[in-house]
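Coordinate analysis (summary)
For reference, the chains in residue letters:
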Protein chains: 2
Amino acid sequence: MWRVFFTSAIVAVVVRTAMGWCKDGNCGHFGAGGFIIWDISGGQEDYSFEELLPMAVIGVIGGLLGALFNQLTLYMTHWRRSYLHKKGIRVKIIEACLISVITSAISFGLPLFRRCTPCPEADANSGIECPQAPGMFGNYVNFYCQNNKEYNDLATIFFNTQDDAIRNLFSAKTAHEFSAQSLLTFLVMFYTLAVVTFGTAVPAGQFVPGIMIGSTYGRLVGMFVVSFYKKLNIEEGTYALLGAASFLGGSMRMTVSLCVIMVEITNNLKLLPLIMLVLLISKAVGDAFNEGLYEEQAGLRAIPLLESRPKYQMRYMTAKEACGNQNVVYFPRVVKVADIVSILRSNDHNGFPVVDHARSGETLVIGLILRSHLLVLLQSKVDFQHSPLPCDSRGDLLPIRHNLSEFVKPVSSKGISLHDIHFTPDDLEMYIDLAPFLNPSPYVVPEDMSLTKVYNLFRQLGLRHLLVVPRPARVIGMITRKDLILEDNDDPTAVELQSTSVRGTQSNHRVITRKGDAQQPLLDGLL
Amino acid sequence: MWRVFFTSAIVAVVVRTAMGWCKDGNCGHFGAGGFIIWDISGGQEDYSFEELLPMAVIGVIGGLLGALFNQLTLYMTHWRRSYLHKKGIRVKIIEACLISVITSAISFGLPLFRRCTPCPEADANSGIECPQAPGMFGNYVNFYCQNNKEYNDLATIFFNTQDDAIRNLFSAKTAHEFSAQSLLTFLVMFYTLAVVTFGTAVPAGQFVPGIMIGSTYGRLVGMFVVSFYKKLNIEEGTYALLGAASFLGGSMRMTVSLCVIMVEITNNLKLLPLIMLVLLISKAVGDAFNEGLYEEQAGLRAIPLLESRPKYQMRYMTAKEACGNQNVVYFPRVVKVADIVSILRSNDHNGFPVVDHARSGETLVIGLILRSHLLVLLQSKVDFQHSPLPCDSRGDLLPIRHNLSEFVKPVSSKGISLHDIHFTPDDLEMYIDLAPFLNPSPYVVPEDMSLTKVYNLFRQLGLRHLLVVPRPARVIGMITRKDLILEDNDDPTAVELQSTSVRGTQSNHRVITRKGDAQQPLLDGLL
């Protein structure tokens, strides 16, 4: 956090200084925005009590449109995944091209059917020239309007960079710039395009389109409010901003973060309470229908996202009941390669407890090994050994033949599959000592711990596997917070030596565990 | 979070509406500030590269003064706790009165020695009249200045509400209002007073004084900058703001939250990057000397605060090593009152594992009971029973004779002490069945789990006790995230029934645990 904070501060200062050099627009589109992309601080100063009702209406609309958006995109994505994208990459490309063609056709064609609007009489303090000089983009786009005192309001939104379009929608002191008709046309078109585009093979954001949609109907509502409360000094731009917030809230269901973002990009703290209210209303309305955009999509991809709170009935369930009935598959500490292969083939578990025999003879769970790590070991056969004995019992310390990078799954790939690994008959006859590669101390819970607690454990620590063990027979010790506050010891090597010296005196599985622990810097990131 | 967010939104809107009624100052001091207490949005528009150096200087000063402040207050508090406040309440009162007298004497007396300053020529767009009309507080306080065109700059800071004083220090377009001499005098005086006042028996905040101190030396630096870079349009107020941020960062060591606060109360987003930089510098400088104000004080009171990250050497330590050597004190499930008393007297543990004999005969840890809860049970003797048998084995279900409130420690009190409870000889001969009152499923860790993991467990779940148990002999099951995603079941009663029906079929200690679990809504808040 510290580092991120510092970096962003540096970035902010540097970029700001750099942008000072292109104040006079000789950097083209860059330099226009800055960090406060859509500065509406010059807009509505104050709001009156009567305005809260239309603002609430905006919130409701946002919730409805947002929920609808989530549902439609969900269906689209489902259909794509199950039919379209099965047909291979070529189809994906064709689809993307097709959509882009349609989009450009619409955004170029529709404004042509729109009649030009005469410019409003020049307003000194607004500082927005009409029409915009050709070549320059921005407000009051003169789109094939013969008369030099006219502009095309639909083109002002459509035929523009989205940043500029949003700036136009947010812009204050431009009442009656857009006709309700144009806004409605744009809203319908853009909404449909956004739904269709979402989930294509093109990496496209969801944020700016959301703001576009929201600010459009926001401004629509604003127009009616302006014409309704004539005496009040109301800006349509304010309502466009609230609309944007409401749609994002209705589809993404974020509250606090969105608030901060909206305030940061518009630089008007006075509107913060309104943004908060609108966000909450839209989120509440949206939640009545479905989950947030990201949750829906994650659910479609079967990504097990844990909500922030456990379900109520978990109170009455135990960890054991959650395990399901499929029984646990163990690995012995030193295992034959053939056995690993057959076990991995026989099930689809991702984690396996490893058991070992202590000196006293009873078996002990010495750790947890992940399927992915086993596959790495099988692929790079360096750890295969001929003897079924644990390597440290043969005296030689465990040599680390691997480095972390081998165990990290490459982002682009799906990881190693068992089918890709080929074994000679000799390989299958060899053994692997799993001890150095397992997670020596996985988190465990007693079998009858209430599932709410298990849930919190998972959620807070971001676990992926949890071992459910029998209720303990005895307690070795209790740890309290005081035990965890060590006096500063700036010489960790000393501690290490002392702990290594301890190792010798410990029973077999302890030795391994300690090795495993000392080795955790290697695997910690993965376990 | 949701609720807090909603509430604050409502509050913001309502208060804003209410304050609309006292715009014309007929609410006295209230209504002046609003949420944006010190609005400097009219101040410095832009900052140039050269200014970064003096700003860094401010950060360094803030770090030094903040660290010094923490150290001095630490000594003061230590001295108070060990000598002064031992002498009883009367001393505390006298001390508080004494300090308040000194404070008022200084803040009234010092300005008297200060010569009056002629008002600057009236500036239309600054909108600050000089001197302030008598009766009205604010800027340019005319403090016993005969001439009606003069003001007393020291009184403008001292003889004012702290809010107004800060507003004056932050105020833009008032260059050269304060003389370096006055600022320095105020800084020294106020810093000393703040150190002395901190930790008296008076509930006083640390935030506004911090802003006062910081903005004073900030403005001092600003004066020199203004006189140094004459050509640049620089406001002393900006530097006062940065100074405030730097001192708070240097003493409290907060970064992000402070940033948000400073921006919110000053409503100038453009300065955010500068505030971030200054905060980071001051925090870094301060961290070189000591810990933050709150950490120091918490350490003095021996409150075991866990830092966000475990110490490095914890990698090489196991949970067992952290337990310390004092051995665990058990309770049997049904225990004689006399035994409870003697055990509680014999040690100062706050949590005790409870063991019970399963049907099979071996002992099992059935939960953890807290000292505070035991004391509650001893005080309200309703659960005492004559027979040493567990109550459910006598067929009757465990009656809940308590409600949550009994187990909650009253905030004002230090909790029940064993000495306050009086037992008749008969009481001591009776028994208590602890099963209904224990935490049936405390978190457990295997004895050789690396201490870093234990640390994270404590920190993430906010635990107070953790049972260290032997390495498990077998694994009953594995839980993965998928197991924790239940399909919506809107009829928890059904689940409850089903789980109760399960109970009958389970072994003795399971039954109790299930009761305990089902009962957790009663004690969950406390465990």
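Small disclaimer: the values here were computed from a predicted structure and weren't measured. (Residues numbered from 1 in each chain as written. Chains lettered and ligands numbered in written order. Predicted model: local features only at pLDDT ≥ 70, side-chain atom pairs only at ≥ 80, totals over all residues. Heavy atoms only, no water.)

By a simple turn and slide, chain B fits onto chain A: the slide is 0.1 Å along the axis, the RMSD is 0.1 Å, and the turn is 180°. Those values place the two copies in the arrangement expected of a two-fold rotation axis. Using C-alpha coordinates, one finds that chain B approaches the rotation axis most closely at B:Gln460, a distance of 2.9 Å. Here 100% of the contact residues of chain B are again contact residues in chain A; the copies associate through an equivalent surface. (Least-squares fit on C-alpha atoms with pLDDT ≥ 70 in both. Contact = heavy atoms within 4.5 Å.)

Glancing now at unusual backbone geometry. All names here are of chain A. Non-glycine residue Arg 253 carries a positive phi angle of around 65°. Relative to the assigned elements, Arg 253 resides in the loop between helix H8 (236-252) and helix H9 (256-266). Judged by its relative accessible area of 9%, Arg 253 is buried. (Helix = DSSP H or I, 4+ residues; strand = E, 2+ residues; numbered from the N terminus. Buried < 20%, exposed > 50% of the residue type's maximum accessible area, 1.4 Å probe, protein only.)

Residues and elements named next belong to chain A. In the structure shown here, the tally under the stated rule is 22 salt bridges over all chains. Between Arg 167 and Asp 164 there is a salt bridge whose closest N-O contact spans 2.6 Å. Linking Arg 167 with Asp 164, this pair stays in helix H5 (residues 162-170), spanning 3 residues, or about one helical turn. Of the residues examined, Asp 164 reaches a relative accessible area of 9% and is grouped as buried. (Salt bridge = Lys/Arg side-chain N within 4 Å of Asp/Glu carboxyl O.)

Moving on to the UniProt feature "signal peptide" (unreviewed entry) in chain A. Mapped onto this numbering, the UniProt entry gives "signal peptide" (unreviewed entry) at residues 1-20 of chain A. Secondary structure across residues 1-20 of chain A comprises 95% helix and 0% strand; the distance between its end C-alpha atoms is 29 Å. (UniProt positions renumbered as here; feature names shortened; annotations may be inferred.)

Further remarks concern a nonpolar patch on the surface. Residues and elements named next belong to chain A. Taken together, the side chains of Phe 108, Leu 112, Phe 113, Tyr 144 and Phe 159 present a nonpolar region at the surface, about 590 Å² in accessible area. Structurally, Phe 113 is set in the loop between helix H3 (89-112) and strand E1 (117-118). With a relative accessible area of 75%, Phe 113 lands in the exposed category. (Patch = residues over 30% accessible without salt bridge, like charges linked within 9 Å, V, L, I, M, F, W, Y side chains within 5 Å. Areas by Shrake-Rupley, 256 points an atom, 1.4 Å probe, with all protein chains shown as cover.)

It is worth spelling out the sheet that holds strand E6 (residues 363-370) of chain B at this point. All names here are of chain B. Spatially, E3-E5-E6 is the arrangement adopted by the 3 strands of the open sheet, whose pairing is mixed. Here the strands that pair on one side only, and so sit at the sheet edges, are strand E3 (331-332) and E6. In the packing of helix H14 (residues 371-379) onto the sheet, the strands contacted are E3, strand E5 (351-357) and E6, and the crossing angle to E6 comes to about 80°. (Pairing = 2+ DSSP bridges. Axes fitted to C-alpha atoms, helices over the stretch in contact; angles between N-to-C directions.)

Of all hydrophobic cores here, the largest spans 64 residues; its most connected members are A:Phe170, A:Ile211, A:Ile213, A:Met262 and A:Ile275. Excluding residues within four positions of it along the chain, A:Met262 makes contact with A:Leu241, A:Ala244, A:Ala245, A:Leu248 and A:Ile275. Core analysis: the second largest hydrophobic core is formed by 63 residues, B:Met212, B:Leu242, B:Cys259 and B:Met276 among them. (Core = buried A, V, L, I, M, F, W, Y, C linked by side-chain atoms within 4.5 Å.)

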